[in-house]
Amino acid sequence: MIRAADMATVLAGAALLGAMMASAPDYNSVFQPFPAHAAPGEAADGRLFDARFLGGRLARQVAFERYGTPIIRDSAALFLIADFEVSHVTASTRIAATWRGASGRDYAATGRVEGAPGGLEARWFQPGLTDRAFAVFELPADEVPGGRLVLTAPGVTILDSALHLPAPPLPGPQPLARIAP
Amino acid sequence: MRRIGWLALTALFFALTAGIGAKTAILDLRGEREWDLTDTGPAGGALEGVALRVELTRAATAPQRPDRALLLVRLALDGPPAARAAWVDCRVTLRHGQDRLWRPLETANTDAAIRTIAPDGQNMGRCNPQPFDAPADAGPILSDQVFLVPVEALDGLRLHVSAQGTRPRALALPIAAQLVAIP
């Protein structure tokens, strides 16, 4: 009788442990950046920098010059050129941009406009200086309304801040948008 | 009494596990942060057997952006090879108060910016205590770093120099720059 009770205790413990292991969130789910949300047009405050979504352009094609060579990129979806302002930087940093679409999917900034003048991949933001920058995304049209721009420091952002900037009202898509400094 | 012994053993193993896990984090933190600062005069000082000298500071503004300045800092490192090797690398930052930290520019235009501002038109390269082209005569190792800072912050800047092999120890010295205008 005592042995049966011991077995029941061990089995109950194993079942409890299994349930805890199965339901425990994984590392990537637990350790995420702290989101900082802002109202449309307002600045969000982060650990390293503040940012404000200034506006955006939608286009079927984008044109830019890379080291003097004119380049045009077209898309079956839409290009979104998101302009934003960065201020109150506390340490020199680069910035990574992601578009969180209306469906909840995350879109990385496109690499198809790499080398465009003023492109985000080559920009550094410095303390004491307020600067404007842009990020270019290629995404389905239905991901733009209700979506938001997410700005973080590049690399590992665990326990850092992620600025969530909702899109202001954007004009309709134009055939061609030019990217210039 | 026997139960207390088991509890003590459990607590000991728990503390050991936490300590072993924390050791890596503490060593990483020590290797990353500078909290043991040695304040020196503007000319420089010594850290872990390596002498640091500020050879040149020069700030330049452009008419298009008068609110910001490019600040060039030329450093000279000097010391025996073993001491320089123990540094491993070299980190140079600028501070203003407790809440602003500038890192050297590393963009496609950095080399041109340094050559434009330097009086001799040369770029001595990044701060590196053991470069492959170290002077054969065991002379000082020069380096150039350029920072983009607001003009209003030029007064009160402090230069911090440390290395992987010295942190959390670092040198801190005031920086005063001559401001010139780029045409």
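What counts, and at which threshold
- Residues numbered from 1 in each chain as written.
- Chains lettered and ligands numbered in written order.
- Predicted model: local features only at pLDDT ≥ 70, side-chain atom pairs only at ≥ 80, totals over all residues.
- Heavy atoms only, no water.
- Helix = DSSP H or I, 4+ residues; strand = E, 2+ residues; numbered from the N terminus.
- Rg over C-alpha atoms; globule rule 2.2 N^0.38 Å.
- Buried < 20%, exposed > 50% of the residue type's maximum accessible area, 1.4 Å probe, protein only.
- Phe/Tyr/Trp six-rings, centres within 6.5 Å; stacked < 30°, edge-to-face > 60°.
- Disulfide = S-S within 2.5 Å.
- Contact = heavy atoms within 4.5 Å.
- Buried area = accessible area lost by both parts, 1.4 Å probe.
- Salt bridge = Lys/Arg side-chain N within 4 Å of Asp/Glu carboxyl O.
- Pairing = 2+ DSSP bridges.
- Axes fitted to C-alpha atoms, helices over the stretch in contact; angles between N-to-C directions.
- Polar contact = N/O pair within 3.5 Å; in protein donor to acceptor, adjacent residues only side chain to side chain.
- pLDDT = per-residue confidence, 0-100.
- Patch = residues over 30% accessible without salt bridge, like charges linked within 9 Å, V, L, I, M, F, W, Y side chains within 5 Å.
- Areas by Shrake-Rupley, 256 points an atom, 1.4 Å probe, with all protein chains shown as cover.

**Some remarks on the overall build of chain A**
And step 1. For chain A, the helix and strand inventory stands at two helices and ten strands.
And step 2. When the helices and strands of chain A are listed from N to C terminus, the series reads α-α-β-β-β-β-β-β-β-β-β-β.
And step 3. Here the C-alpha atoms of chain A give a radius of gyration of 22 Å, more than 25% beyond the 16 Å that 2.2 N^0.38 yields for 181 residues.
And step 4. The principal-axis extent of the C-alpha atoms belonging to chain A is close to 85 × 40 × 30 Å.
And step 5. Of all 181 residues assigned to chain A, the portion counted as buried reaches 38%.

**Quick notes on the packing of aromatic side chains**
Residues and elements named next belong to chain A.
And step 1. Across all of its chains, the model carries two aromatic pairs over all chains by this definition.
And step 2. Geometrically, the ring pair formed by Phe53 and Trp99 is edge-to-face, given 6.2 Å between the ring centres and 90° between the ring planes. Of this pair, Phe53 sits in strand S3 (residues 50-66) while Trp99 sits in strand S5 (residues 96-100), placing them 46 residues apart in sequence. For the pair Phe53 and Trp99, a shared accessibility class is recorded, and that class is buried.
And step 3. Relative to Phe137, the ring of Trp99 has its centre 6.1 Å away and its plane inclined at 50°; by these criteria the two rings are tilted. Of this pair, Trp99 sits in strand S5 while Phe137 sits in strand S7 (residues 131-139); the two residues are 38 residues apart in sequence, bridging distant segments of the chain.
And step 4. Classification of Trp99 as buried rests on a relative accessible area of 0%.
And step 5. A connected cluster of aromatic rings, assembled from ring pairs, spans Phe53, Trp99 and Phe137.

**Observations concerning the state of the cysteines**
Residue and element names in this part refer to chain B.
And step 1. Going through the model one piece at a time under the given rule, you end up with one disulfide over all chains.
And step 2. Shown here is the disulfide that connects Cys90 with Cys127, its sulfur atoms set 2.0 Å apart. Looking down the S-S bond of the Cys90 and Cys127 bridge, the torsion is 80°, so its handedness is right-handed. Of this pair, Cys90 sits in the loop between helix H2 (81-87) and strand S5 (91-96) while Cys127 is found in the loop between helix H3 (110-117) and strand S7 (141-150), placing the two residues 37 residues apart along the sequence. Across the pair, exposure class does not vary: Cys90 and Cys127 are buried alike.

**Re the interface of chain B and chain A**
And step 1. Chain B puts 14 residues into the contact, and the matching count from chain A is twelve residues.
And step 2. Taking both sides of the interface into account, the surface hidden between chain B and chain A amounts to around 1,000 Å²; carbon and sulfur atoms contribute 51%.
And step 3. Three residues stand out in chain B for area buried against chain A, namely Arg68(B), Leu101(B) and Arg103(B), and they jointly supply 38% of the buried area on that side.
And step 4. Inspection of the region where chain B meets chain A yields two salt bridges.
And step 5. Linking Arg68(B) and Asp131(A) is a salt bridge whose minimum nitrogen-to-oxygen distance equals 3.1 Å.

**Topic: the pairing of strand S2 (residues 44-47) of chain B**
All names here are of chain B.
And step 1. A one-sided burial pattern is seen for S2, the buried positions being Gly45 and Leu47 and the unburied ones Gly44 and Ala46.
And step 2. The pairing of S2 with strand S3 (residues 50-62) spans four bridges and is antiparallel. Bridging from a neighbouring strand, Leu47 pairs with Val50 of S3.
And step 3. A loop of two residues connects S2 with S3, the two strands running antiparallel in sequence, and Glu48 in this loop sits at a positive phi of about 55°.

**Examining the pattern of salt bridges**
And step 1. Applying the stated criterion across every chain, the model contains 19 salt bridges over all chains.
And step 2. Arg91(B) is paired through a salt bridge with Glu34(B); the nearest N and O atoms lie 3.6 Å apart. Of the two residues, Arg91(B) is situated in strand S5 and Glu34(B) in the loop between helix H1 (2-32) and strand S1 (36-39); the sequence distance between them amounts to 57 residues.
And step 3. Overall, the relative accessible area of 22% leaves Arg91(B) in the partly exposed class.
And step 4. Within the structure, one salt-bridge network assembled from shared partners comprises Asp131(A), Arg65(B), Asp67(B) and Arg68(B).

**What about the sheet that holds S5(B)?**
Whenever strands of a sheet pair, they do so through backbone hydrogen bonds, lying parallel or antiparallel.
Residue and element names in this part refer to chain B.
And step 1. The strand order S1-S9-S8-S5-S6 describes an open sheet built from five strands, whose pairing is mixed. If you trace the sheet from one side to the other, it starts and ends with S1 and strand S6 (100-102), each paired once. Between one strand axis and the next, the sheet turns through 30° on average, direction left out of account.
And step 2. By the bridge criterion, five bridges tie S5 to strand S8 (residues 157-162) in an arrangement that is antiparallel. Pairing of Thr93 across the sheet is with His160, part of S8.

**Examining the side chain of Arg95(B)**
And step 1. Position of Arg95(B) relative to the elements: it lies in strand S5.
And step 2. In this structure the side chain of Arg95(B) is engaged in a polar contact, spanning 3.0 Å, whose partner is the side chain of Glu34(B).

**Some words on the confidence of the model for chain B**
And step 1. Confidence along chain B averages 91 in pLDDT terms, with 98% of residues attaining 70 or more.
And step 2. Across the assembled chains, the prediction reports ipTM 0.85 with pTM 0.85.

**Quick notes on a nonpolar patch on the surface**
Residue and element names in this part refer to chain A.
And step 1. There is a patch of nonpolar side chains on the surface, built from Tyr27, Val30, Phe31, Phe34, Val156, Ile158 and Leu159 and spanning about 700 Å² of accessible area.
And step 2. Among the secondary structure elements, Ile158 is positioned in the loop between strand S8 (148-152) and strand S9 (161-166).
And step 3. Exposure remark for Ile158: the relative accessible area of 32% places this residue in the partly exposed category.

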